[in-house]
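Chain residues, written in single-letter form:
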Amino acid sequence: MPDPSAVAVFTDLRDESLDLDLLVGALPGPDWALPTPASGWSVAHQIAHLHWTDRAALLSLTDAEGFAEMALAALKAPDTFVDEGAEEGVRLAPAELLARWRSGRAALDAALAAAPPGARFPWYGPPMKAASMASARLMETWAHGQDVADALGVRRAPTARLRHVARIGTRTRDYAYALRGLTPPEGEFRVELDAPDGSGTWAYGPADAAGRVTGPALDFCLLVTRRAHRADLALTTTGPEADRWLDIAQAFAGPAGPGRAPAGGAR
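In what follows, the accompanying structure is described. Remember, predicted model here, so these are calculated numbers, not experimental data. (Residues numbered from 1 in each chain as written. Predicted model: local features only at pLDDT ≥ 70, side-chain atom pairs only at ≥ 80, totals over all residues. Heavy atoms only, no water.)

Okay, the packing of aromatic side chains next. Taken as a whole, this structure holds seven aromatic pairs when the rule is applied. An aromatic cluster of at least three residues, connected via ring pairs, comprises Trp-52, Phe-67, Phe-81, Trp-123 and Tyr-124. Above the plane of the ring of Trp-101 lies Arg-105, whose end atom (NZ or CZ) is 4.3 Å from the centre. In this structure, Arg-173 is placed above the aromatic ring of Phe-189, and the distance from its NZ or CZ to the ring centre is 4.5 Å. (Phe/Tyr/Trp six-rings, centres within 6.5 Å; stacked < 30°, edge-to-face > 60°. Lys NZ or Arg CZ within 6 Å of the ring centre and 35° of its normal.)

The structure is reproduced here in structure tokens:
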């Protein structure tokens, strides 16, 4: 019997992708070349990158040897393979890139649904179950979708799907420290986030933790995906280590990059 929580995240991933599709599906060809906040990346680069990583996830689920070859190629060019994967898609006409992204999403959706619940699949970090892979794909789809929305001047309404991004953001705390050669603090932080629909609070970590982070779930997700500068977000901390964490937090693997410059005011 399928795990209901896994089915929920598969559905949320599909819905997150559909929301982004609504932003780009009817774009005129020239608008695919609009610059996004990611330096050197256009709208087309963002969709091409998502298509490339969807394809990698599909290989992981269905062709372990094919994924191993893809991962080996990435190891040979660790500083450039992400950009190269995006450039491959950008060379396509926008209509063709859109069609391939849609087709790849459909194939990935089917593979996720068919994956044995307890199985773990290879990735660029530790192996993951299908539900965790779907959560990671949703986080990346949302984050790159934010880049597209910013390029188009669109303000997206936050949804309850952000709970997946928020959960990854809390679980990757120690990774953010290690990435910068820092020693993570002992003990967990308490993170309390206001749900986007006003339905309550999403809470992570022990209630009696000394280090605390509170604020809107949207702001936390923008912070951990490095899609907004901390100065523009309504997040508060208790304790010096929690405060330090917000300066380095990131939910995704790999180099943090320069991040966003302050826009001049909290949302």
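Alright, that's what it looks like, and here's the rest.
Once that is clear, we can look at the environment of Val-213. You can see Val-213 is positioned in strand β5 (residues 212–216). Residues Val-213 and Thr-237, spaced 24 residues apart in sequence, show a C-alpha to C-alpha distance of 4.5 Å. (Helix = DSSP H or I, 4+ residues; strand = E, 2+ residues; numbered from the N terminus.)

Tallied over the full model, the rule gives 19 salt bridges. Asp-12 is paired through a salt bridge with Arg-163; the nearest N and O atoms lie 2.9 Å apart. Of this pair, Asp-12 sits in helix α1 (residues 4–24) while Arg-163 sits in helix α7 (residues 162–171), placing them 151 residues apart in sequence. Overall, Arg-163 belongs to the partly exposed group, its relative accessible area being 31%. Here Arg-161 and Asp-19 are joined by a salt bridge, their closest N and O atoms 2.6 Å apart. Taken together, the residues span a long stretch of sequence, with Arg-161 in the loop between α6 (130–152) and α7 and Asp-19 in helix α1 at a distance of 142 residues. You can call Arg-161 buried: its relative accessible area is 11%. Given a relative accessible area of 37%, Asp-19 falls into the partly exposed group. Counted as one network, the salt bridges with shared partners bring together Glu-16, Asp-19, Arg-156 and Arg-161. (Salt bridge = Lys/Arg side-chain N within 4 Å of Asp/Glu carboxyl O. Buried < 20%, exposed > 50% of the residue type's maximum accessible area, 1.4 Å probe, protein only.)

Here we take up the packing of helix α2 (residues 43–62) against helix α3 (residues 64–76). Two quantities define a packed helix pair, namely the angle between the axes and the distance from one axis to the other. Running from amino to carboxyl end, α2 crosses α3 at an angle of 135°, the nearest separation of the two axes being 6 Å. One way to sum up the angle between α2 and α3 is to call them oblique. Contacts from Trp-52, Arg-55, Ala-56, Leu-59, Ser-60 and Thr-62 of α2 reach α3 at Ala-64, Gly-66, Phe-67 and Met-70. (Axes fitted to C-alpha atoms, helices over the stretch in contact; angles between N-to-C directions. Parallel < 35°, antiparallel > 145°, perpendicular 65-115°, else oblique. Contact = heavy atoms within 4.5 Å.)

This next bit is on the packing of α2 against helix α5 (residues 94–114). It is the contact of α2 with α5, at a shortest axis distance of 9 Å, that shows an interaxial angle of 30°. Overall, the two elements α2 and α5 adopt an arrangement that is roughly parallel. Helix-helix and strand crossings are classified by hand; for α2 and α5 the assignment is left-handed. Across the interface between the two elements, Ala-44, Ile-47, Ala-48, Leu-50, His-51, Asp-54, Ala-57, Leu-58, Leu-61 and Thr-62 of α2 pack against Leu-97, Arg-100, Trp-101, Arg-105, Ala-107, Leu-108, Ala-111 and Leu-112 of α5. For the contact of α2 with α5, the class distribution of residues is 13 nonpolar, two polar and three charged. (Left-handed = near helix turned anticlockwise from the far one by under 90°. Nonpolar A, V, L, I, M, F, W, Y, C, P; charged D, E, K, R; others polar.)

Read these as geometric descriptors, not functional statements.
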